Amino acid sequence: MRICLITAAPDHPLLAAAAGLLAPRHHVEFIDPDRAPGAVPGSGVPPAGHDGSGPLADVYLLKSHTPRGLALAARLEERGAPVLNSAAATTLCQDRTAMAALASRAGLPFAATRTMATLTELAERAGEGEPAFPLVVKSRYSRRHDLVARVDSAGRLRKLAAEWPQEPVVVQEFTENSGWDHKLWVIEGRIFAALRRSELAPEGRGPTRPLDLRDLPTGWADLVLGAGEAFCLSVYGVDVLDAGDGAPLIVDINAFPGIRGQAGAPEALAELALRTASGAAIRR
């Protein structure tokens, strides 16, 4: 099988380990969609088809979430290639407004979310007696180094607006919790779990702790699997808060997150790639 990973980070632990499992019997390639054609990505020139042309691989794993990465995945899908996750599903998870809307329609316990055209507009409303504090402000479009902040006062909101004046944002009420996010990851139905101190906690983002699936509150595993079905995802992550007495509150859903330090995750990803490639070959 010819398996291609669309990513700028071939040395990511999950990807590198999965590639190592596949390489002895299969041809594994990496494409960085954000490199200029002809550039050297560290282990040779980009393979044929780095722009969506050329012979198709048997399966593509879409780890890149950049505009070029999503556009490449869409071109490959148009030509009939299987892509995990699809360009459409990945794009939806980059838009926090669309994410919240779909979660609501699917009946998922997702944090109530409203959208503001700019952070400046939200800050101007603070002078009119709204919004109520504390609240959570996030960039509408998820990307590296985007805005995610807890805001406890109008002064703090105005300061953020001065730094991010034209940033489209979503606003959520702050839900009291332990300060630890439940990081739940899924690879084709197999769940992995950990606890990570939230970036919104007073101490800031902290370490990741192992979490036995047996320690999850009742119903959480089914909830996470249901989220994947609603969003048409095969490899994804769901961030869940315990809102009290085991009541789950989903605050984020990520397509193809970086699943680090989870025993069995590389094996599950390699198996998914081969199963998808084989299924595509049979259909052809």
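What counts, and at which threshold
- Residues numbered from 1 in each chain as written.
- Predicted model: local features only at pLDDT ≥ 70, side-chain atom pairs only at ≥ 80, totals over all residues.
- Heavy atoms only, no water.
- Helix = DSSP H or I, 4+ residues; strand = E, 2+ residues; numbered from the N terminus.
- Rg over C-alpha atoms; globule rule 2.2 N^0.38 Å.
- Buried < 20%, exposed > 50% of the residue type's maximum accessible area, 1.4 Å probe, protein only.
- Areas by Shrake-Rupley, 256 points an atom, 1.4 Å probe, with all protein chains shown as cover.
- Contact = heavy atoms within 4.5 Å.
- 1 Å grid on protein atoms, 1.4 Å probe; cavity = no way out; pocket = protein on both sides within 12 Å on 5 of 7 lines; lining within 4 Å.
- Points joined across faces, edges and corners; volume = space filled by probe spheres on them.
- Nonpolar A, V, L, I, M, F, W, Y, C, P; charged D, E, K, R; others polar.
- Phe/Tyr/Trp six-rings, centres within 6.5 Å; stacked < 30°, edge-to-face > 60°.
- Lys NZ or Arg CZ within 6 Å of the ring centre and 35° of its normal.
- Salt bridge = Lys/Arg side-chain N within 4 Å of Asp/Glu carboxyl O.
- Axes fitted to C-alpha atoms, helices over the stretch in contact; angles between N-to-C directions.
- Parallel < 35°, antiparallel > 145°, perpendicular 65-115°, else oblique.

1. Concerning the overall build of the protein chain
Moving on, step 1. Each helix and strand counted, the protein chain has eight helices and 13 strands in total.
Moving on, step 2. Taken over the C-alpha trace, the protein chain has a radius of gyration of 20 Å; the compact-globule value for 284 residues is 19 Å, and the two agree within 12%.
Moving on, step 3. Overall size of the protein chain, expressed as C-alpha extent along the three principal axes, is 60 × 45 × 35 Å.
Moving on, step 4. Out of the 284 residues in the protein chain, the part that is buried amounts to 48%.
Moving on, step 5. When the accessible area of the protein chain is evaluated, it comes to approximately 13,500 Å², of which 52% is carbon and sulfur surface.

2. What to know about the environment of Ala-255
Moving on, step 1. Positionally, Ala-255 belongs in strand β13 (residues 248-255).
Moving on, step 2. The exposure class of Ala-255 is buried, given its relative accessible area of 1%.
Moving on, step 3. On a C-alpha basis, the gap between Ala-255 and Leu-233 in space is 6.9 Å, while along the polypeptide they are 22 residues apart.
Moving on, step 4. Ignoring sequence-local partners within four residues, the contact set of Ala-255 consists of His-65, Asn-85, Thr-90, Cys-93, Leu-233 and Val-235.

3. Some details on empty space enclosed by the protein
Moving on, step 1. In this structure the tally under the stated criterion is one cavity of 30 Å³ or more.
Moving on, step 2. Taken as a whole, the largest cavity encloses approximately 40 Å³ of empty space.
Moving on, step 3. What lines the largest cavity is simply Arg-96, Met-99, Ala-100, Phe-110, Thr-113, Lys-138, Val-170, Gln-172, Val-251 and Asp-252.
Moving on, step 4. For the lining of the largest cavity, the secondary-structure elements that each account for two or more residues are α4 (96-105), β8 (169-173) and β13.
Moving on, step 5. With three residues, α4 is the largest single contributor of residues to the lining of the largest cavity.
Moving on, step 6. Among the residues forming the lining of the largest cavity, the class breakdown is five nonpolar, two polar and three charged.

4. Points about the packing of aromatic side chains
Moving on, step 1. Taken as a whole, this structure holds zero aromatic pairs when the rule is applied.
Moving on, step 2. Above the ring of Phe-174, the side-chain terminus of Arg-150 is found at 4.0 Å from the ring centroid.

5. Focus on the pattern of salt bridges
Moving on, step 1. All chains considered together, the criterion is met by nine salt bridges.
Moving on, step 2. Across the pair Glu-167 and Arg-143 runs a salt bridge whose closest N-O atoms are separated by 2.8 Å. Note that Glu-167 is positioned in the loop between α6 (154-163) and β8 and Arg-143 in the loop between β6 (135-139) and β7 (148-151), a separation of 24 residues in sequence.
Moving on, step 3. The buried category is assigned to Glu-167, whose relative accessible area is 11%.

6. Digging into the packing of helix α2 (residues 67-78) against helix α3 (residues 87-94)
The description of two helices packed together rests on the angle between their axes and the distance between the axes.
Moving on, step 1. Orientation of α2 relative to α3, taken along the N-to-C sense of each, is 155°, at an axis distance of 9 Å. Classified by the interaxial angle, the pair formed by α2 and α3 is roughly antiparallel. Residues Leu-70, Ala-73, Ala-74 and Glu-77 of α2 pack against Ala-87, Thr-90 and Thr-91 of α3.
Moving on, step 2. The residue inventory of the contact of α2 with α3, partitioned by class, reads four nonpolar, two polar and one charged.

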